[in-house]
Amino acid sequence: AACYVAATFAMKTFSLNASVAAALVIFGFMATGISVEIIAMGREQLGILYILILGLEVLLVVLVSVFLHGESYTKKDVIGLLFIGAGILALIDRT
């Protein structure tokens, strides 16, 4: 999830000044994320892994957007994000 977040952050950062180098940076993060995801698929159920990755990605993107881009969120947004976090915790603790 962190690699996908890094790619998303790079897309936002380079959106005003796109270049081949920027595209290569984004591609590198995406390729790394895909490689890690392929390895993880051998150890976890596809549906669970997919939900975990997307949920973590959402939470990490929000943190990046707040701390690096100065974006803000409403109380309803935060409540929704808390539900996503709770869902992730429930899936991680499936013993």
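Since the structure is predicted, the reported quantities are computational estimates derived from the model, not experimental observations.

Student: Any chance you could break down the side chain of Glu37 for me, citing the residues and the numbers?
Tutor: Residue position: Glu37 is located in helix α2 (residues 20–41). Buried and unpaired, Glu37 has Arg43 as its nearest opposite-charge partner, separated by 13 Å. Excluding anything up to four places from it in sequence, Glu37 contacts Tyr4, Leu49 and Ile53.

Student: Which residues make up helix α3 (residues 46–69), and what are the values?
Tutor: In an α-helix, one full turn covers 3.6 residues, which means residues spaced three or four apart are oriented alike. Taking 1.5 Å per residue, 24 residues should reach 34 Å; α3 reaches 33 Å between its end C-alpha atoms and fits that length. Residues Ile48, Leu49, Leu52, Ile53, Gly55, Glu57, Val62 and Ser65 constitute the buried set of α3. Buried residues belonging to α3 abut α1 (2–14), α2 and α4 (75–92). A positive phi of about 65° marks Gly70, the residue just after α3.

Student: Can you break down the pattern of salt bridges residue by residue, with the values?
Tutor: Evaluation of the coordinates by the stated rule reveals one salt bridge. We note a salt bridge from Lys12 to Glu71, for which the minimum N-O separation is 3.8 Å. Of the two residues, Lys12 sits in helix α1 while Glu71 sits in the loop between α3 and α4, which places them 59 residues apart along the sequence.

Rules and cut-offs
Residues numbered from 1 in each chain as written. Predicted model: local features only at pLDDT ≥ 70, side-chain atom pairs only at ≥ 80, totals over all residues. Heavy atoms only, no water. Helix = DSSP H or I, 4+ residues; strand = E, 2+ residues; numbered from the N terminus. Buried < 20%, exposed > 50% of the residue type's maximum accessible area, 1.4 Å probe, protein only. Lys, Arg positive; Asp, Glu negative; His and termini not counted. Salt bridge = Lys/Arg side-chain N within 4 Å of Asp/Glu carboxyl O. Contact = heavy atoms within 4.5 Å. Expected span 1.5 Å × (residues − 1).

From the geometry alone we can't say anything about function, so treat these as descriptive.
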